[in-house]
Amino acid sequence: MLSRTADHLFWMARYTERAENTARMLDVNIQTQLLPQSVEAAEQSWRALLGISELLPAFDAKHGILSRQDVLDFMVCDPTNPSSIASCLTSARENARAVRGTLTTEVWETQNTTWLEMATLLKEGVLERDPSEFFEWVKHRSHLSRGVTIGTMLKDEAFYFIRLGTFLERADNTARLLDVKFHGTDGERLSANDTDFYHWAAVLRSVSAFETYRKTYRDVITPERIAELLVLRGEMPRSLMACMTEVVNNLARVRNDVSRETERFAGRLHAGLQFNSIDDIMRRGLHDYLTEFLEQVYELGNRVSRDFLVPLVA
Amino acid sequence: MGGFFNEMFDEGGAKTRPHYRGFDRWLSDQPADIVARKRVEADLMFRRVGITFAVYGSEAGTERLIPFDIIPRIIPADEWATLQQGLRQRVQSLNLFVHDIYHEQNIVRAGVMPAEQVFRNAQYRPEMQGITVPSDIYAHIAGIDIVRAGAGEFYVLEDNLRVPSGVSYMLEDRKMMMRLFPELFARHKIAPVAHYPDLLLDMLRSIAPLGVDDPTVVLMTPGMYNSAYFEHAFLAQQMGIELVEGQDLFVDDGYVFMRTTRGPQRVDVIYRRIDDDFLDPLVFRADSSLGVPGLLSVYRAGRVALANAIGTGVADDKSIYPFVPDMIRFYLSEEPILNNVPTWQCRKKEDLQYTLDHLPQLVVKEVHGAGGYGMLVGPASTQAEIEDFRRRLIAKPDGYIAQPTLALSVCPTYVESGIAPRHIDLRPFVLSGKTVTMVPGGLTRVALKEGSLVVNSSQGGGTKDTWVLEG
């Protein structure tokens, strides 16, 4: 397969996944805003959300005072923000368009329809009327995109590069989400009082893990267990462990003459998750751990680009 | 619209022509609301599938649908048989001409064609002189624009021998008609066209360099912002070949390779949808980032095949066009089957004078123009437009030719006010490899504006499904 084709497929998947995770994060923030809290705390949680995506400077450069609507506009519609949902879905569609011949008709039409519908929804003012409805829609389109991919694409290289993009991006996004939710609320304190219950429940819901948590632990919600669930539990589809397992498997399927080193790199990251306990991680500090994980995921992305795709820097 | 040949009705407009009777009966049985719904459905489907084209000069990245009209253009079997014969004859001669020009130049020696017409032509590529190409074929894919005028006789308006486009619309229009109105296809014996990609791939494989048994064929596109990108992607997918850009290819050790996820892979045949000028920055335009440095040297060594060959533009130039009937006589010793439109070559003094004297009645075209840009349609232009054009013509007479304004035939077409006659043309696609093949029919384009003679999609034209009825 052409390196450029693989590159477009990889990024199509990453942007789709990124849009979904941004929608999840925004939605959970809107939900937690419904809880009683101080104005400062509310603002703090929006700032943390921008910080998670490394977008605070870009936001501050455009907007003076932080308001919910401004953050939503910036993170959803702003075409100058490459991480906004609109930018991500547009990029996903542009990448799909560049390789539409490699995609099944269904996959292409899903990407194209998402892009067309997004424009209509935003024009109709869904963001002012009911942002959660829009985020729900983004999630559904992302589910559909993955489902259509799995249901119609031949299981060949094209498919593996799409999956690689999906899980590398999800690993990154889950790690960021965890980091901001723990760091932002003084995760080291690890309290489990009433107000915090809603905070942690929202975190779980943002990764569709509330019911999973109950089923897995059959016990009260503690931050420590949440961290374990989202970092180390392979059964949990959005956990770092689940993502890295997929990354390692898909990397092995596209193996070429120069990719051994990259496979080893991914394997080490995966093994780290396998052989660590949540106690070890907490002792070291979750923030520290996640920061290092994010750096390594970033490095892994570069290596994949270098070995198979179009290198980020020529 | 009196005075024009109507494809569907006879001169009085009262009687339906025999080959349209079945369709006409069917159409009059259709409730108006059903037809309206089907038309909306077609529009939605084209948009969802993304069959769009980019428009140059307007806002970047804009994509527009080419309007699709549900009333087909129908050609009876006997008329198509004549057209097919004529097309074959014409394309064969054009290929013989290009080969001759880049080898012995017999046609110039014989005095049939003035030397300066060929060698001072911007489309003449000295780099091709003496180069042997597989089967001596240059224009592997030709799109010949045909119109019907006067009492119904066919004329060739233009030979497109460089990178003719539109075949994807021919295929998609048919698919759409079959989806919308399957009953029509049960009632008529309509010649199929869907095997075009197979014929194309077959031809491309047949021109592989000597000794390559299982050639790797690729389609080369300038990229997704090209107006015909949809077609490039579509054809590559239909043929199951890679869609490559210049950046995906490189030359090493005398061969062309593409960059793949498993390392370099050799490429044997390139169906390129990119102009000569951009193919190889080492030889042609140095500022081209679309091409492949060193491609021409591999091509000249016969280690990669290009379709179409480099330098075919010398034969489809509008200044060469008037000589095509003589070419046919010269190379094949046959009389041309298809008519040429009478043409005044403005480089000639007396022709220029005639043109200047009759601008309001003539169509004046740039010799190197395409896509309906930069032309004057006298009868449809204002006095100011004509005067403006007159100045450009006087400044550079050898850049233009003039032709009478042909009374193009019309075909009933859905417009806002209902069904009305609109002017149409026809572009059949002729494939030349070891043999000459084509699918019956081609792409019918229709000028949707009342009275307009310009059918180009970039100028607001639409398309129709084209039926060749089997006898």
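Residues numbered from 1 in each chain as written. Chains lettered and ligands numbered in written order. Predicted model: local features only at pLDDT ≥ 70, side-chain atom pairs only at ≥ 80, totals over all residues.

Caption draft 1: Region of the structure containing the overall build of chain B. Broken down by element type, chain B carries 14 helices and 23 strands. Taken over the C-alpha trace, chain B has a radius of gyration of 22 Å; the compact-globule value for 471 residues is 23 Å, and the two agree within 12%. When the backbone C-alpha atoms are referred to their principal axes, chain B occupies close to 65 × 60 × 45 Å. Within chain B, the proportion of its 471 residues that are buried is 44%. Of the contacts made within chain B by residues no fewer than 6 positions apart, 69% connect residues no fewer than 24 positions apart. (Helix = DSSP H or I, 4+ residues; strand = E, 2+ residues; numbered from the N terminus. Rg over C-alpha atoms; globule rule 2.2 N^0.38 Å. Buried ≥ 20, exposed ≤ 12 C-beta atoms within 10 Å, placed from the backbone. Contact = placed C-beta atoms within 7 Å.)

Caption draft 2: Local environment of the packing of helix α6 (residues 105-123) of chain A against helix α8 (residues 131-152) of chain A. Residues and elements named next belong to chain A. Here α6 crosses α8 at 170°, and the two axes come no closer than 9 Å. Here α8 runs roughly antiparallel to α6, going by the angle between their axes. Residue-level contacts link Glu106, Val107, Thr110, Gln111, Thr114 and Leu121 of α6 to Phe134, Trp137, Arg141, Leu144, Ser145, Val148, Thr149 and Thr152 of α8. Class assignment for the residues of the contact of α6 with α8 results in six nonpolar, six polar and two charged. (Axes fitted to C-alpha atoms, helices over the stretch in contact; angles between N-to-C directions. Parallel < 35°, antiparallel > 145°, perpendicular 65-115°, else oblique. Nonpolar A, V, L, I, M, F, W, Y, C, P; charged D, E, K, R; others polar.)

Caption draft 3: Focus on the interface of chain B and chain A. At the interface, 19 residues of chain B touch 18 residues of chain A. For the side of chain B that touches chain A, the secondary structure elements donating two or more residues are α2 (32-49), α9 (229-239), β7 (242-244) and β9 (255-260) of chain B. Its residues placed into classes, the side of chain B that touches chain A shows seven nonpolar, six polar and six charged.

Caption draft 4: The arrangement of the packing of helix α1 (residues 3-33) of chain A against helix α5 (residues 85-98) of chain A in detail. Residues and elements named next belong to chain A. Their axes nearest at 8 Å, the elements α1 and α5 cross at an angle of 160°. Taken together, α1 and α5 sit at an angle that is classed as roughly antiparallel. Pair α1 / α5 crosses with left-handed handedness. Residues His8, Trp11, Met12, Tyr15, Thr16, Arg18, Ala19, Thr22 and Ala23 of α1 touch α5, and the partners they reach there are Ile85, Cys88, Leu89, Ser91, Ala92, Asn95, Ala96 and Ala98. Considering only residue class, the contact of α1 with α5 consists of eleven nonpolar, five polar and one charged. (Left-handed = near helix turned anticlockwise from the far one by under 90°.)

Caption draft 5: Expanded view of the sheet that holds strand β10 (residues 263-266) of chain B. Residues and elements named next belong to chain B. Spatially, three strands are ordered β8-β9-β10 in an open sheet, and the strand pairing comes out antiparallel. Every interior strand has two partners, whereas the edge strands, β8 (249-252) and β10, have only one. The sheet shows a mean angle of 45° between the axes of neighbouring strands, direction not considered. Of the pairings in the sheet, the one linking β8 to β9 comprises four bridges and is antiparallel in character. Looking at the pairing, leucine 249 lines up with methionine 258 of β9. (Pairing = 2+ DSSP bridges.)

None of the figures reported here should be taken as evidence of function without further support.
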